[in-house]
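What follows is the residue order along each chain.
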Amino acid sequence: MNKKTEQDIMEKLVSLCKQRGFIFPSSEIYGGLQGFWDFGPLGVELKNNIKKSWWKRFVQMRSDVVGLDSTIITNPTVWEKSGHIGGFSDKLVECKKCHHRFKADDFTSNAKCPDCKGEFTGERNFNTMFKTFVGPVENSSTTAYLRPETAQNIFVNFDTVRAAMRTKIPFGIAQIGKSFRNEITPGNFIFRSREFEQMELEYFVNPKEDKKWFEEWVNQSMQWFIDLGIDKNNLRKYEQKGKELAHYAKETIDIEYNFPFSSHGACPPVLWHGRRGSASGGDKGFAELMGISNRTDHDLKAHGFTYKDEVTKEEFIPYVIEPSVGVERAALAFLLDAYTEIEGGRTTTTDSNKEKEVVLKLHKDLAPYKVAILPLSKKENLTELALEIYDSLKSKHMVMYDQVASIGRRYRRQDEIGTPYCVTVDFDSLEDKAVTVRDRDTMEQERISIAELAKYINKKLES
RNA sequence: GCGAGAGUAGUACAAUGGCAGUACAUUAGCUUCCCAAGCUAGAAACGCGGGUUCGAUUCCCGUCUCUCGCUCCA
């Protein structure tokens, strides 16, 4: 795929998301706000389905992981202890000539730009934590922060959760929730936004076993994406090396997805202290979808926790293995991977002259609507039966009813939003008490008796 | 924050110093009845404030917002 085509796909997906009610700019009637996105009727279903899938696999299905839902605003001491008040605030200088930017601690005040020998601006603070005030008085003693990650709330609750649930190491605490980062450059649609939702799991282990558990979580995380239908060829692991690693991390592996944009431009790798400038050594497309880090005992130590094994009497500060993924970023990867254009369309039974057809091949667990009920005709007796079927299914699944326009057009509508199954009520249905169930991907149809329909659909959606 | 570009129906695009169009999407009706057919009718837009002008969506200034690049990262 060439670059132009790739950009087109991103633009087309953005349009589709807007038109069909997945995602649109926040507060758009006032021009929107950079880095903030609203999820529409379909988007919220997709997002909920992603979260549901993650929670089921990593909390519900595991006896060694429990959940948590903590607050966005906390006592600011949390962020002092964690190092975020220092770490999320960088002093930067900018070259007045070439506008390259450098961390101020690397240079003396009279230094020249290493790229073009230009003059630097004065130091400027780049703080990526959102500030707010608790209570009506705005001053330094009431300053609080919107959390830039959900992880710290898990760490500070370590002992309380452990005691309440009688958990023994190794065990994990999972949390899904909003985080906020005042990113200097949000962009690429929902890839990087300022308000976003994280699914984080902090898995506490004996430091002697950190390697084993790290590998385990990398593999588990990878498998989750694959099981939800992401093409393996669009996924890869990237191990962060040296200065790419966060200060707290002993080891980090990114799961990267082959996005249709390059998320990082060139930046001087030698001069830049900290992270790598371009994704995985400059390859275009692949960019971080998820990170799995060995955070060692950095966080628990910072908050003053320790752990005692009551059987072996061994006392230690647990290491933390952290799989962390952004819900919106995952949603983008799922949408991109599902977005399929078919030149000329798939129709063989009519000679309609369409240029292309769009099918969103989302995994059935992720599809916003699972089933659409379509009466073949608007004639009274068909719609009545169709609505009865709709009513009989809606308590179990997200079901859509649509009677407007030709049947072919309605199939296209459902294909475009990824609905896996369409149930068509035709004139024979009145006689034989059966309907046809149409598969999104194969367009094949099967005739099912109405009495068996609910069971049939349930089975299809569970398989 | 700096640099560059851009703001016109839901989307993608036109045009114009004097009634703002097209395609797709959408609504109602007719027709058809299993894969975007057709016909008829309809709804729907010039980011905002100022200036120039008889008249500004168009020209000028400002402002806001977005997009791209720089950092940051899920």
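Calculation rules
Residues numbered from 1 in each chain as written. Chains lettered and ligands numbered in written order. Predicted model: local features only at pLDDT ≥ 70, side-chain atom pairs only at ≥ 80, totals over all residues. Heavy atoms only, no water. Phe/Tyr/Trp six-rings, centres within 6.5 Å; stacked < 30°, edge-to-face > 60°. Helix = DSSP H or I, 4+ residues; strand = E, 2+ residues; numbered from the N terminus. Buried < 20%, exposed > 50% of the residue type's maximum accessible area, 1.4 Å probe, protein only. Domains from an automatic or database assignment. Contact = heavy atoms within 4.5 Å. Buried area = accessible area lost by both parts, 1.4 Å probe. Salt bridge = Lys/Arg side-chain N within 4 Å of Asp/Glu carboxyl O. Polar contact = N/O pair within 3.5 Å; in protein donor to acceptor, adjacent residues only side chain to side chain. Axes fitted to C-alpha atoms, helices over the stretch in contact; angles between N-to-C directions. Parallel < 35°, antiparallel > 145°, perpendicular 65-115°, else oblique. Nonpolar A, V, L, I, M, F, W, Y, C, P; charged D, E, K, R; others polar. Pairing = 2+ DSSP bridges. Expected span 1.5 Å × (residues − 1).

*Asks:* Even after reading the chapter, I still don't get the packing of aromatic side chains, so can you show me in this structure?
*Replies:* Any two aromatic rings considered together are summarised by their centre-to-centre distance and by the angle between their planes. Within the structure shown, the criterion is met by 19 aromatic pairs. Taking the centre distance of 5.0 Å and the plane angle of 75° together, the rings of Phe191 and Phe259 count as edge-to-face. Taken as a pair, Phe191 in the loop between β9 (171–180) and β10 (195–205) and Phe259 in the loop between β12 (251–258) and β13 (286–296) lie far apart in primary sequence, 68 residues in all. The exposure class assigned to Phe191 is buried, which follows from its relative accessible area of 5%. Judged by its relative accessible area of 1%, Phe259 is buried. Ring geometry for Trp224 against Phe225: centres 5.0 Å apart, planes inclined by 65°, an arrangement best described as edge-to-face. By the burial criterion, Trp224 is buried, and Phe225 matches it. What links up through ring pairs into an aromatic cluster is the set Trp54, Trp55, Phe58, Tyr203, Trp213 and Trp217.

*Asks:* I keep staring at the domain arrangement of chain A and nothing clicks. Help me out?
*Replies:* Put simply, an interface is often sized by how much accessible area is lost when its parts join up. According to the domain assignment, chain A contains domain 1 (3–72 + 152–337) and domain 2 (369–462). The gap between the C-alpha centroids of domain 1 and domain 2 is 37 Å. Taken together, the contacts link six residues of domain 1 with six residues of domain 2. With both sides pooled, the region where domain 1 packs onto domain 2 buries about 560 Å², and carbon together with sulfur makes up 61% of that total. Of all residues in domain 1, Arg20, Leu42 and Glu45 bury the most surface against domain 2, accounting for 66% of the area lost on that side. On the surface where domain 1 and domain 2 come into contact, there are one salt bridge. One can count one residue pair in polar contact (both at pLDDT 80 or more) joining domain 1 with domain 2.

*Asks:* What should I look at first to understand the packing of helix α2 (residues 41–60) against helix α9 (residues 327–338) in this one?
*Replies:* A pair of packed helices can be characterised by two numbers: the angle between their axes and the separation between those axes. Running from N to C, α2 and α9 cross one another at 105°; their axes reach a closest spacing of 10 Å. It follows from the interaxial angle that α2 and α9 lie roughly perpendicular. Contacts between α2 and α9 involve Leu46, Lys47, Ile50 and Lys51 from the first element and Val327, Glu328, Ala330, Ala331, Phe334 and Leu335 from the second. Looking at the contact of α2 with α9 residue by residue, the class counts come to seven nonpolar, no polar and three charged.

*Asks:* Explain the sheet that holds strand β22 (residues 434–439) to me, please; I cannot follow it from the model alone.
*Replies:* Strands pair in a sheet through their backbones, by hydrogen bonds, and they do so in one of two ways: parallel or antiparallel. One open sheet accounts for five strands, arranged β20-β19-β21-β22-β23; its pairing is mixed. Two strands in the sheet have a free side with no partner beyond their single neighbour: β20 (399–401) and β23 (445–449). Pairwise comparison of adjacent strand axes, ignoring direction, gives a mean angle of 25° for this sheet. Bridge count between β22 and β23: five bridges; the pairing is antiparallel.

*Asks:* Looking at this structure, how should I read unusual backbone geometry?
*Replies:* Glycine aside, the phi torsion of most residues is negative, and most peptide linkages are trans. Of the consecutive residues Ile169 and Pro170, the connecting peptide bond is found in the cis state with omega at 5°. Along the chain, Pro170 falls in the loop between α6 (158–165) and β9. Positive phi values are uncommon outside glycine, yet Arg166 reaches one of about 55°. Among the secondary structure elements, Arg166 is positioned in the loop between α6 and β9. One non-glycine residue, Thr296, adopts positive backbone phi at about 55°. Among the secondary structure elements, Thr296 is positioned in strand β13.

*Asks:* How should I be thinking about the environment of Ile253 in this particular structure?
*Replies:* Take Ile253: it is sitting in strand β12. According to the relative accessible area criterion, Ile253 is buried, its value standing at 13%. Among all residues touching Ile253, those that are not within four sequence positions of it are Phe214, Val218, Lys237, Tyr238, Glu239, Met290, Gly291 and Ile292.

*Asks:* Is there a simple way to think about the side chain of Glu251 in this case?
*Replies:* On the secondary structure map, Glu251 appears in strand β12. Owing to a relative accessible area of 13%, Glu251 belongs among the buried residues under this scheme. A distance of 3.2 Å separates the side chain of Glu251 from the side chain of Lys211, its partner in a polar contact. Other than its neighbours up to four places away in sequence, Glu251 contacts Lys211, Phe214, Glu239, Leu245, Ile292, Ser293 and Asn294.

*Asks:* Please explain the pattern of salt bridges as it appears in this structure.
*Replies:* Here the idea is simple: oppositely charged side chains can pair when their charged atoms come close. Here the structure, examined in full by the defined rule, presents 31 salt bridges. Glu149 serves as the salt-bridge partner of Arg295, at 3.4 Å between the closest nitrogen and oxygen. Pair noted here: Arg295 is in strand β13 and Glu149 is in the loop between β8 (143–145) and α5 (151–156), with a separation of 146 residues, a long-range link. Just as Arg295 is buried, Glu149 falls in that class too.

*Asks:* Is there a simple way to explain α9 in this structure?
*Replies:* For an α-helix, 3.6 residues make a turn, and residues three or four places apart therefore share a direction. With 12 residues, α9 should reach 16 Å at 1.5 Å per residue; the first-to-last C-alpha distance of 16 Å fits that figure. With 12 of 12 residues buried, α9 is to be regarded as a mostly interior element. For α9, the full list of buried residues reads Val327, Glu328, Arg329, Ala330, Ala331, Leu332, Ala333, Phe334, Leu335, Leu336, Asp337 and Ala338.

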